[in-house]
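Fold and geometry: a report
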Amino acid sequence: MAQSELAPPIVVRDLVKKFGSVDALSGISFEVASGEVVAMLGPNGAGKTTSISLMLGLRHPTSGTVRIYGRDPQELASRVRMGVMLQESGAPPTLKVREILTWYSHFYPQAISVEEAIRYAGLTEKAEALIGTLSGGQKQRLFFALAVVGNPDVIFLDEPTVAMDVEARHAFWDEMRVLKAQHKSIILTTHYIEEADAIADRVIVINRGKIIADGTPSAIKKNVGGTHVRFRATDLTEAAAQRLPGVTKVTFTNGAFDLYTTTAEPTVRALFAQSSELTDLEVVGAGLEEAFLELTHN
Amino acid sequence: MVTETTTASATRTNSPSAQLGYTIYAEVIRTLRIPALLIPSLIFPSLFFILFGIPNKQYNIASANAATFLMVSYGCYAAMSTSFLSFGIGTASERGMGWNRLLRASPINPLYLFFAKLVSIVTVILLSVLLLYVVSILLGKVTLPLDQWFGVTGMLLVGVIPFVALGLVLGYSAGPNSAPAIGNLIFIPLSFFSGILIPVQFLPDFARGFAKYTPSYHVGQLAWHVIGAGDSTSLFVHLLWVAGYTLVFVWLALIAYRREERRTFG
């Protein structure tokens, strides 16, 4: 027990998963620390859901290991510390919200009370409703309640907000922050970049079964050129723009320049020196979205 | 919606018996709330008795009163159809649902869940058989000594075992959409050509020879023996047949289960 207390919540080492001749994951490694919120970001089919399945012990790795607090995820001692929300779960339609949560909570030694889980998920008015009568959004809230009723230390969320409207998504992010404040480790997959930016301490970008970036949202943004400079100029060529200090990438369409630069100030200073016809100048931090597109298209 | 005060309640370890108990409770109420399962299970055996048992109550079948004989037959039908079809269709449809994946990632013991399903099916069967007995006594004037009521019921429950196993074969082989059709395609001929829905004596010759090799015939014989209407073969031989079929079905179910495991969780 003492040993497993020292072990990090999640350790993934050289994880490889092949489905027949298809490499779903080709060797990924990372650790998640206590209280850390990690977003796995990647296009569809990148290997996010496969990673989650392996971390949960729902599938066996072709090679490599997953450890939850130093143990195999399939062990009961690991399971009672894990909370899980999967895509399109479905649930027995003829059980009531309160009944299914009571049932679940019986199996977790540190469970919070069912009342608390119901309140936490905002299902107080639906506590006595049959699951089959819940709306899509309410079902999603129920799955969230099922993920937290056991008071888990590490929470896995596979595309948790995919069916939610904007308001519900923001409320969900608030809940993530509350869980983080309780020092729970959270790993979620998403293809909403905005979501990763809003709640994650760390983003792991995964593409074609490989980790292609791993860092804080701002570090990842910096990686791709940090700042974005947009302007119009009639007296500047694309090649000249490319030679401006700090510039990593230039796109030029219909008289409008789009530069990525590591640091904006020297770029802009040089720009004023070279061009006297400058209009519509805009300097913005590159979004995670741009970083993501840049990373996954190379 | 978000409460900052969420804290863990004191660690309270639920005993395995409390875990199993609530699992059974949840599974039984869940099942009893499905009208599509409950209504046919409850109604058909009694309906068959009203249609065929009552009009024939002045005749004898296999040296027993025909109404009594047919009541036992339809009791077998209740036990076999409910266990085979609900386990088969239930397993196949749950297999297609992400719910199964969520359960597997949880600390819920799958053996508890299986046992709870068994208890809920037996509950439905007992309700169905109880209704059949009440209808038989009140409308069919069926009388049996008390020990025979219990004996027949006990044999019906023995008959549940091979049909649950056969249900699992179906559940792990058929898809969620095809399982109901395939299940009925297997079950309806099986209950017709084994003497359960129509007594063996009234079957055409070819079917009479075939009947003696079906699992349902031997389950029927176990129950008919209790009321003194069995065939000349001993009860022990019929038990061996039922046990043999159970082993074969369990073996097939394991093969299908393992193949499914490799596909979904490999």
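Model, not experiment: these values are computed from the prediction.

Let's shift gears to the overall build of chain B. Broken down by element type, chain B carries 10 helices and 2 strands. The helix and strand sequence of chain B, counted from the amino end, reads α-α-β-β-α-α-α-α-α-α-α-α. Expressed along its principal axes, the backbone C-alpha trace of chain B runs to roughly 75 × 40 × 30 Å. Relative to its full complement of 266 residues, chain B shows a buried share of 50%.

Another aspect to go through is the environment of A:L157. Residue and element names in this part refer to chain A. Mapped onto the elements of the fold, L157 is located in strand β6 (residues 154-158). Distance from L157 to P9, taken between C-alpha atoms, is 15 Å for residues 148 residues apart in sequence. Leaving out residues up to four positions away in the same chain, L157 has contacts with M85, F172, M176, I186, I187, L188 and T189.

Take the environment of B:F52 next. Residues and elements named next belong to chain B. Positionally, F52 belongs in helix α2 (residues 35-53). A sequence separation of 85 residues divides F52 from I137, and the C-alpha atoms of the two residues are 15 Å apart. Non-local contacts of F52, meaning those with residues more than four positions away in its chain, are made with L70 and Y74.

All names here are of chain A. Enumeration over the complete set of coordinates arrives at 23 salt bridges over all chains. A salt bridge links E115 to R98, with the shortest nitrogen-to-oxygen separation between them at 2.3 Å. Placement of E115 in helix α5 (residues 114-120) and of R98 in helix α4 (residues 97-105) is noted, with a sequence separation of 17 residues between them. Judged by relative accessible area, E115 falls into the partly exposed class, the value being 44%. The class of R98 is partly exposed, set by a relative accessible area of 25%.

Okay, the domain arrangement of chain A next. When cut into domains, chain A gives domain 1 (3-221) and domain 2 (223-296). In this structure, domain 1 of chain A and domain 2 of chain A have C-alpha centres spaced 39 Å apart.

This structure, assessed with the given rule, holds 22 aromatic pairs over all chains. With centroids separated by 6.3 Å and ring planes inclined at 80°, the aromatic side chains of A:W103 and A:Y104 adopt a geometry described as edge-to-face. You can call A:W103 buried: its relative accessible area is 4%. Judged by its relative accessible area of 3%, A:Y104 is buried. Ring pairing ties together the aromatic residues B:F44, B:F48, B:Y74, B:Y77, B:F84 and B:F187, which thus form one cluster. Positioned above the aromatic ring of A:Y69 is the side chain of A:R81, whose terminal nitrogen or guanidinium carbon lies 3.6 Å from the ring centre.

Facing the 41 residues of chain B at the interface are 47 residues of chain A. Where chain B abuts chain A, roughly 4000 Å² becomes buried across the two surfaces, and 60% of that area is made up of carbon and sulfur atoms. Along the contact surface separating chain B from chain A lie 1 salt bridge. Of the charged contacts, one joins B:R33 and A:E99 as a salt bridge, the two residues approaching to 2.9 Å between their closest N and O atoms. Counting every contact that joins chain B to chain A gives 10 residue pairs in polar contact (both at pLDDT 80 or more). At the level of elements, α1 (16-32), α4 (98-105), α5 (110-140) and α10 (235-265) of chain B are the ones that each hand at least two residues to the side of chain B that touches chain A.

Conventions and cut-offs
Residues numbered from 1 in each chain as written. Chains lettered and ligands numbered in written order. Predicted model: local features only at pLDDT ≥ 70, side-chain atom pairs only at ≥ 80, totals over all residues. Heavy atoms only, no water. Helix = DSSP H or I, 4+ residues; strand = E, 2+ residues; numbered from the N terminus. Buried < 20%, exposed > 50% of the residue type's maximum accessible area, 1.4 Å probe, protein only. Contact = heavy atoms within 4.5 Å. Salt bridge = Lys/Arg side-chain N within 4 Å of Asp/Glu carboxyl O. Domains from an automatic or database assignment. Phe/Tyr/Trp six-rings, centres within 6.5 Å; stacked < 30°, edge-to-face > 60°. Lys NZ or Arg CZ within 6 Å of the ring centre and 35° of its normal. Buried area = accessible area lost by both parts, 1.4 Å probe. Polar contact = N/O pair within 3.5 Å; in protein donor to acceptor, adjacent residues only side chain to side chain.

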